[in-house]
Amino acid sequence: MEPEAKLILLMGIMFAATVVIFSALGEERLDLYVSMFTLEYFISMALHRSFKPKVALYMNIISCFFLIVFSLIVAARVIEILYGVYIWDMLRL
Amino acid sequence: MKNEKWNSIRLREGVKLTGNNAACLKRALKLMSQRRVYRAVSSALISSGVVMFTLAFFILSSTTLSALGISMIILGFVALAVSAGFPRIPDEASRLILESSIRNSSVLIEELGLRSRAVYLPSKLADGRPMALIPLISNPEPPKIDKPLPKRLIVRYGLKQEDVGLLMETPGSIAAEMFEKPSEHTTGALESSLSALLVNVLGVVDSVKASVDGSTIIVELSNPKLTIESEALAYEVLGSPLASTVASLAAEALDRPIIIEGEEQTRNRLLVRLRIFG
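Residues numbered from 1 in each chain as written. Chains lettered and ligands numbered in written order. Predicted model: local features only at pLDDT ≥ 70, side-chain atom pairs only at ≥ 80, totals over all residues. Heavy atoms only, no water.

## A word on the overall build of chain B
Test applied: Under the scheme used here, helices are H or I runs from DSSP no shorter than 4 residues and strands are E runs no shorter than 2 residues, and both carry numbers assigned from the N terminus. A simple rule labels every residue: compare its accessible area, found with a 1.4 Å probe on the protein chains alone, to the largest value its type can have, and call it buried under 20%, exposed over 50%, or partly exposed in between. Here, residues are in contact when the closest pair of their heavy atoms is within 4.5 Å. For accessible areas, the Shrake-Rupley method is used with a probe of radius 1.4 Å. Any residue's cover is judged against the shown protein chains and nothing else.
Each helix and strand counted, chain B has nine helices and eight strands in total. Counting across all 278 residues of chain B, residues that qualify as buried make up 46%. Counted over contacts in chain B with a minimum sequence separation of 6, partners at least 24 positions apart contribute 53%. Surface summary for chain B: the accessible area is close to 15100 Å², and the carbon and sulfur share equals 56%.

This is the structure in structure tokens:
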């Protein structure tokens, strides 16, 4: 199997396992799911040692996006702790 | 060709995939380049992920399905990024180009009557990139090269009159541009660098094992995908394309000239024996 296919397969298994386990535990916080996906994405990237330059560039863009999303999740949690405002509920309205 | 067209038309009509049609799907997938397969998968994942997330988050208020949608979007984007790494040239065209290049090298080698094994030089001895030097006169001992050779086809590498050779680029010379030179000259570092390039970047083998014993390096390549059945003279002098690439990269990694002592091809692996000297 090609390394690229292995990477996607590994990520797919990890994401599916996260969704199944968290939903079985009754987890309702979407930011927790996204944080786990971010962590799993970076773990898979670390296991896959090197990419072609063009792929590495696109992967870096995805990584930057994940970093921004993760920062927003952390910021939302900080706001929730400090001001008691739950951002996710505001989004759903 | 007619048959392939007929197969793809049958597929597009959505006929039940049994018997001949299953073979038809297999063939159609084979005909599609990997790039297109990955692109098709990524667009399917992204579009279905977006639809699932929108429905689950805004209408159904289901966290589990929203998370599933997000994971599909992420996987879709990763597949899209990975698809950029697949070559635009079809496999068959690449094989033709490689074969013609080997044949041209063989003609040149035969015409000049070269019989000695090529010496793979690191970039510091070959003006910027690792090259293969084929000495005109075959000696039992490989030539000693102390200073960088000029970037020409016919070069003089020693003080004697017969110290003349052919300086050629090999697939490894170009692959070296993508090669992460190991910081230390250990077996582990060499194996890791070779593996990163040959397995992950070029995808020509499934795994690489290297062992250094004194001046001998043994590199074991499992499941090589770059095998061309040929009796070309270039193989005798330069080695097979894979062995040649490994030799160039090992020379670059260790910063020392290397020759291919031999290669052994078994069913699923290629064993390349290299000798370091100089």
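Still to come is the rest of the account.
## Concerning the overall build of chain A
Along chain A, the regular secondary structure elements total four helices and zero strands. Secondary structure elements of chain A, listed N to C terminal, follow the sequence α-α-α-α. The buried share among the 93 residues of chain A stands at 38%. A sequence separation of at least 24 residues applies to 54% of the contacts in chain A between residues at least 6 apart. When the accessible surface of chain A is split by element, carbon and sulfur atoms take 75% of a total near 5600 Å².

## Notes on the pairing of strand 2 (residues 131-135) of chain B
All names here are of chain B. The cut-off we apply is this: At least two bridges found by DSSP between two strands are what make those strands a pair.
When you tally the buried positions in strand 2, you get five out of five residues, the bulk of the element. Of the two faces of strand 2, the one carrying Met131, Leu133 and Pro135 and the one carrying Ala132 and Ile134 are both buried. With three bridges joining them, strand 1 (residues 119-121) and strand 2 adopt antiparallel strand pairing. Looking at strand 2, one finds that Tyr120 is bridged to Ala132. Two strands pair when backbone bridges link them, and strand 2 and strand 4 (residues 164-168) are joined in this way by four bridges, in the antiparallel orientation. Bridging from a neighbouring strand, Pro135 pairs with Gly165 of strand 4.

## Digging into the environment of Lys225 of chain B
Residues and elements named next belong to chain B. If you trace the backbone, Lys225 turns up in the loop between strand 6 (216-222) and helix 8 (233-238). Along the backbone, Lys225 and Arg269 are 44 residues apart, and their C-alpha atoms lie at a distance of 9.9 Å. In this view, Lys225 contacts Gly203, Val204, Val205 and Asp206; residues no more than four positions away in its chain are not counted.

## A few points about the nonpolar core
Soluble globular proteins tend to pack their nonpolar side chains together in the buried interior. The condition is simple: Nine residue types can take part in a nonpolar core, namely buried Ala, Val, Leu, Ile, Met, Phe, Trp, Tyr and Cys, and a core is a set of them joined through side-chain atoms within 4.5 Å.
Membership of the largest hydrophobic core comes to 47 residues, with the highest contact counts inside it found for Ile134, Leu198, Ile217, Val219, Leu221, Ile258 and Leu274 of chain B. Take this core: its biggest share by element is nine residues, from helix 9 (residues 241-254) of chain B. Dropping the residues within four chain positions of it, Leu198 of chain B is found in contact with Gly203, Val204, Val205, Val208, Leu221, Thr245, Val246 and Leu249 of chain B. Formed by 32 residues, the second largest nonpolar core is a distinct cluster that contains Phe15 and Phe51 of chain A together with Tyr38 and Phe57 of chain B.

## Observations concerning the interface of chain B and chain A
As a reminder of what qualifies: The buried area of a pairing is the accessible area, by a 1.4 Å probe, that goes missing from both parts when the two are put together, added over both. Whenever Lys or Arg places a side-chain nitrogen within 4 Å of a carboxyl oxygen from Asp or Glu, that contact is recorded as a salt bridge.
Residue-level contacts link 30 residues of chain B with 33 residues of chain A. Interface of chain B and chain A: buried area, both sides summed, is about 2900 Å²; carbon and sulfur atoms make up 68% of it. By the criterion of area lost to chain A, the three top residues of chain B are Phe57, Thr63 and Asn200 of chain B, representing 21% of everything that side buries. Across the chain B-chain A interface, the total number found is zero salt bridges.

## Quick word on the confidence of the model for chain B
Residue and element names in this part refer to chain B. The criterion, for reference: Confidence scores labelled pLDDT are given residue by residue by the predictor and lie between 0 and 100.
Taken residue by residue, chain B gives an average pLDDT of 80. The fraction at 70 or more is 85%. Confidence, read as mean pLDDT per element, is least for helix 1 (residues 2-12) in chain B (41) and greatest for helix 4 (residues 63-83) (93). ipTM for the predicted complex: 0.90, alongside a pTM of 0.63.

## A look at the packing of helix 3 (residues 53-83) of chain A against helix 4 of chain B
Going by this rule: For helices, the axis comes from a line fit to the C-alpha atoms of the stretch in contact; other axes are also lines fit to C-alpha atoms, and the angle between any two N-to-C directions lies between 0 and 180 degrees. Should an angle lie under 35 degrees it is considered roughly parallel, over 145 roughly antiparallel, and from 65 to 115 roughly perpendicular; all remaining angles are considered oblique. Gly is put with the polar residues, along with every residue not named as nonpolar or charged; the nonpolar set is Ala, Val, Leu, Ile, Met, Phe, Trp, Tyr, Cys and Pro, and the charged set is Asp, Glu, Lys and Arg.
Where helix 3 of chain A contacts helix 4 of chain B, the two axes come as close as 8 Å, and the packing angle between them is 155°. The angle between the axes of helix 3 of chain A and helix 4 of chain B places the two elements in the roughly antiparallel class. Here helix 3 of chain A contributes Val55, Tyr58, Met59, Ile62 and Phe66 of chain A to the contact with helix 4 of chain B, which in turn contributes Ile74, Phe77, Val78, Ala81 and Val82 of chain B. Across the contact of helix 3 of chain A with helix 4 of chain B, the residue classes tally to 10 nonpolar, no polar and no charged.

## Observations concerning the sheet that holds strand 2 of chain B
All names here are of chain B. What the eight strands build is an open sheet, ordered 3-4-2-1-7-8-6-5; its pairing is antiparallel. Sheet topology places strand 3 (154-156) and strand 5 (207-213) at the edges, where each strand pairs with a single neighbour. Along the sheet, successive strands turn relative to each other by an average axial angle of 30°, direction set aside. Sheet topology places strand 6 next to strand 8 (residues 269-276); seven bridges connect them, and they run antiparallel. Paired with Leu221 across the two strands is Leu270, which belongs to strand 8. Across the sheet, helix 7 (residues 187-201) is in contact with strand 5 and strand 6; its angle to strand 5 comes to roughly 155°. Across the sheet, helix 9 touches strand 1, strand 6, strand 7 (258-265) and strand 8, and the angle it forms with strand 7 is around 140°.

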